[in-house]
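Single-letter residue listing:
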Amino acid sequence: MPDLLLTHGYFLYEDPKEMQIMKPYAPLGILYLCSHLRRQGFDVEVFDTTFSNRESLFRHLQTEKPSVLGIYANLMTRSNVVEIIRVAREAGWHIIVGGPEPGAYAQEFLESGADFVVFGEGEATMQELLTALHDSTDSSGNIWKAKVAGTAYLDDEGTFHQNPPRAQIADLDAQPWPAREAIDLHRYVDTWRSHHQQGSVNFITARGCPYKCRWCSHQVYGQTHRRRSPVKVVDELEWLLTEYTPDIAWVSDDVFTINHEWIRKYAAEMRRRNLHIPFECISRADRLNEEMLDLLAELGCFRIWIGSESGSQRLLDAMDRGVKVEQVQRAVEMSRVRKIQSGMFLMWGYEGEEMEDIEATIRHVRTTKPDIFFTTVSYPIKGTPYYQQVQNKLVQLKPWAQSSDREIKIAGRHSRAYYAHADKLLRDEVQFAKVSEDPAADSELLQDLRINIRASREGLLATQSEVEA
Ligand code: B12
Ligand code: SF4
């Protein structure tokens, strides 16, 4: 029986959308916890749910001698995690939950059966909790529970208590790398390779983002930003390349190019060791310039994801995005020149969006021409300023335990059908712009595309007065 079993409740094969995408990545958060706690002498195992199923996990929880179960939860895995908590509780486990979701819904997770919710970074808090759970002779636990910083719990009467926050790890370089050996990482790489001809691995170079985009969750790291040393990151990457022989990599940082001096040093170290791996990453247009893109290209960056969100400056400002539409356009252009693909994230339905903003977004994508773009209808994540702003208008259609913040409706906002038309119009317009650039474009095709555009625009106008909930 280990001191701690870690899991995360994400089941790839139960998610039809993800099964089409088939780009799984290792759950780094719990792997960081695992390596930290193992180094402190705890016996820690990971039940990686990605390629497994809930029946196998439940069987494991019901047949193993119960000890402590630590579960990562994010916005999408809430309902799975609540179910895991129920099964584990019945089987006699102590349950600790952490990650970006539980901190925002601490009381709900505790009332669902968790013994502790951990806020923020989990390493030191988990270490203290495991020691206390192991050593405590106080059966009710109300005395020691009140002392563990960074946690929340319910006392014997069921009253909610939240302890003060815990300081963040001062030196990330002193932490061990994530315990990838605790899971079958080769299977991740192989899954990528068999579906996309290229095996991929993920790693992070920093924790936290200091920007303040109003819809973005800062539940775990707040507005802080800490970096690992470039040399230490290259050590890890070099090891990853030898151990797992991936073809490509994903730098899972929030904003990879946030610190230009860091990128210079990282590139110098990669150059010195003659290392090169094609990779993709996320950045912000205002943190990209000619020099950064030169370095990214040299390092092997084949795709850069740029949060664009809207083509309307008024909306970008309302989001506190801190980026100009022109900066996005320039960043995409500078990437194109270096043969780095650009990916754009776009958002419909943010507070205050009008038809003219939708038109501005369509114009923006049509003229900027990213290689790929993804759209979402904005959703308020609890704990964000955006959530606070629309709080009075939120309508929860399903019980908390069976839904997610993505499913909350915002009363008075345009209907889903309206945004579906906006999305269709965007795609039609972009396709038309692309096809019409070709001097040999088929006139019938162009005519069909014009008809599609007209139909989408009519759909948008026809649904303009429909509202959500
Ligand atoms: C990489 C990433 C992804 C990858 C996930 C791949 C993977 N397996 O890692 C992909 C692209 C698939 C993805 C998808 C989504 N993501 Co994402 N993603 C991230 C990102 C950028 C990095 C995650 C990471 O590796 N962090 C580094 C590790 C070290 O940090 P950590 O995971 O938070 O772990 C620490 C603590 O949370 C805590 N902890 C973690 N687990 C546990 C467990 C216990 C028991 C304890 C005590 C503590 C604890 O300790 C850890 C170490 O200190 C984060 C933002 C971020 N910087 O964290 C967003 C983030 C997690 N994603 C987010 C969202 C919204 C999504 C999507 C819903 C987006 C969408 N619209 O589809 C989907 C959901 C996918 C799914 N089905 O689960 C939000 C989550 C918000 C929320 N409240 O849950 C985040 C926080 C982004 C944001 N700022 O808004 N994501
Ligand atoms: S959206 Fe990106 S840049 Fe903005 S706060 Fe979130 S992580 Fe930072």
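Quick notes on the rules
Residues numbered from 1 in each chain as written. Chains lettered and ligands numbered in written order. Predicted model: local features only at pLDDT ≥ 70, side-chain atom pairs only at ≥ 80, totals over all residues. Heavy atoms only, no water. Near = heavy atom within 4 Å. Polar contact = N/O pair within 3.5 Å; in protein donor to acceptor, adjacent residues only side chain to side chain. Helix = DSSP H or I, 4+ residues; strand = E, 2+ residues; numbered from the N terminus. Domains from an automatic or database assignment. Nonpolar A, V, L, I, M, F, W, Y, C, P; charged D, E, K, R; others polar. Core = buried A, V, L, I, M, F, W, Y, C linked by side-chain atoms within 4.5 Å. Buried < 20%, exposed > 50% of the residue type's maximum accessible area, 1.4 Å probe, protein only. Contact = heavy atoms within 4.5 Å. Buried area = accessible area lost by both parts, 1.4 Å probe. Salt bridge = Lys/Arg side-chain N within 4 Å of Asp/Glu carboxyl O. Expected span 1.5 Å × (residues − 1). Phe/Tyr/Trp six-rings, centres within 6.5 Å; stacked < 30°, edge-to-face > 60°. Pairing = 2+ DSSP bridges. Axes fitted to C-alpha atoms, helices over the stretch in contact; angles between N-to-C directions. Right-handed = clockwise from strand over helix to strand, strands pointing away.

A word on the site of ligand 1. Looking at ligand 1, there are 38 residues lining it, with Leu75, Glu123, Ser217, Tyr221 and Tyr379 nearest. Tyrosine 25 is positioned with one of its backbone polar atoms (N or O) 2.9 Å from a nitrogen atom of ligand 1. Of all elements in the fold, only helix 2 (28-39), strand 3 (68-72), strand 4 (94-98) and helix 6 (123-135) reach the threshold of two or more residues within the shell around ligand 1. With five residues, helix 2 is the largest single contributor of residues to the shell around ligand 1. Each of two domains, domain 1 (4-162) and domain 2 (198-378), supplies a minimum of three residues to the shell around ligand 1.

Taken together, Cys209, Tyr211, Cys213, Trp215, Cys216, His218, Asp254, Val255, Arg284 and Arg321 form the complete shell of residues around ligand 2. Class assignment for the residues of the shell around ligand 2 results in six nonpolar, one polar and three charged.

This brings us to the nonpolar core. In this structure, Phe256, Tyr266, Phe279 and Leu296 are the most contacted members of the largest nonpolar core, which totals 90 residues. Among the elements that line this core, the one with the most residues is helix 16 (residues 416-436), at eight residues. Residue-level mapping places this core at the junction of two domains, with at least three residues from each of domain 1 (4-162) and domain 2 (198-378). The contact partners of leucine 296, leaving out residues within four places of it in the chain, are Phe256, Thr257, Phe279, Leu288, Cys301, Ile304 and Ile340.

With that settled, the discussion passes to the domain arrangement of the protein chain. Here the protein chain is described as being made up of domain 1 (4-162) and domain 2 (198-378). A separation of 30 Å is found between the C-alpha centroids of domain 1 and domain 2. Interface of domain 1 and domain 2: buried area, both sides summed, is about 1,100 Å²; carbon and sulfur atoms make up 49% of it. On the domain 1 side of the interface with domain 2, the three residues burying the most area are Tyr25, Tyr32 and Glu121, jointly 52% of the side's total. Counting the contacts that link domain 1 with domain 2 gives three salt bridges. Residue arginine 207 pairs with glutamate 123 through a salt bridge whose shortest N-O separation is 3.0 Å. Along the contact surface separating domain 1 from domain 2 lie five residue pairs in polar contact (both at pLDDT 80 or more). The residue makeup of the side of domain 1 that touches domain 2, split by class, is seven nonpolar, three polar and two charged.

Let us look at helix 6. Given a rise of 1.5 Å per residue, 13 residues ought to cover 18 Å, and the 19 Å separating the end C-alpha atoms of helix 6 matches this to within 8%. Along helix 6, the positions that sit buried rather than exposed are Glu123, Thr125, Met126, Leu129, Leu130, Ala132 and Leu133.

Relative to the elements of secondary structure, glutamate 121 occurs in the loop between strand 5 (116-118) and helix 6. For glutamate 121, a relative accessible area of 10% puts it in the buried group. Within the local environment of glutamate 121, its side chain forms a polar contact with the backbone nitrogen of isoleucine 169, the two atoms lying 2.9 Å apart. For glutamate 121, the side chain forms a polar contact with the side chain of arginine 207, separated by 2.7 Å. Filtering out sequence-adjacent residues up to four positions away, glutamate 121 remains in contact with Gln168, Ile169, Leu172, Arg207, Val220, Tyr221 and Arg226.

Inspection of every chain in the model, using the stated rule, returns 18 aromatic pairs. Ring centres 5.3 Å apart and planes at 50° place the aromatic pair tyrosine 25 and tryptophan 192 in the tilted group. Note that tyrosine 25 is positioned in the loop between helix 1 (16-21) and helix 2 and tryptophan 192 in helix 8 (residues 185-196), a separation of 167 residues in sequence. There is no split in this pair, since tyrosine 25 and tryptophan 192 are both buried. Ring centres 6.4 Å apart and planes at 55° place the aromatic pair phenylalanine 116 and tyrosine 153 in the tilted group. With a gap of 37 residues between them, phenylalanine 116 in strand 5 and tyrosine 153 in strand 6 (residues 151-154) connect regions that are remote in the sequence.

Here we take up the sheet that holds strand 3. The sheet built from seven strands is open, its strands ordered 2-1-3-4-5-6-7 with mixed pairing. The open sheet is flanked by strand 2 (44-46) and strand 7 (160-162), the only strands paired with a single partner. Direction aside, the axes of adjacent strands within the sheet are offset by 20° on average. Sheet topology note: the strand 6/strand 7 ladder contains three bridges and is antiparallel. Bridged to leucine 154 within strand 7 is phenylalanine 160. Contacting strand 1 (4-7), strand 2 and strand 3, helix 2 crosses the sheet at an angle of about 160° to strand 2.

This part takes up the sheet that holds strand 11 (residues 248-251). As summarised here, the arrangement of the six strands in space is 8-11-12-13-14-15, forming an open sheet in which the pairing is parallel. The sheet is open, and its two borders are formed by strand 8 (200-203) and strand 15 (372-377), each paired with just one other strand. This sheet shows a mean twist of 20° between the axes of neighbouring strands, independent of strand direction. Here strand 12 (residues 279-283) pairs with strand 13 (residues 301-309) via five bridges, running parallel. Of the residues in strand 13, the one forming a bridge with isoleucine 282 is tryptophan 305. Contacting strand 12 and strand 13, helix 11 (residues 290-299) crosses the sheet at an angle of about 140° to strand 13.

Taken across its eight residues, strand 14 (residues 341-348) has six buried, putting it largely inside the fold. As paired strands, strand 13 and strand 14 are joined by six bridges and run parallel to one another. Directly across from arginine 303, in strand 14, lies its bridge partner glutamine 341. Following the backbone out of strand 14, through helix 14 (residues 355-368) and into the adjacent parallel strand 15, one traces a crossover that is right-handed.

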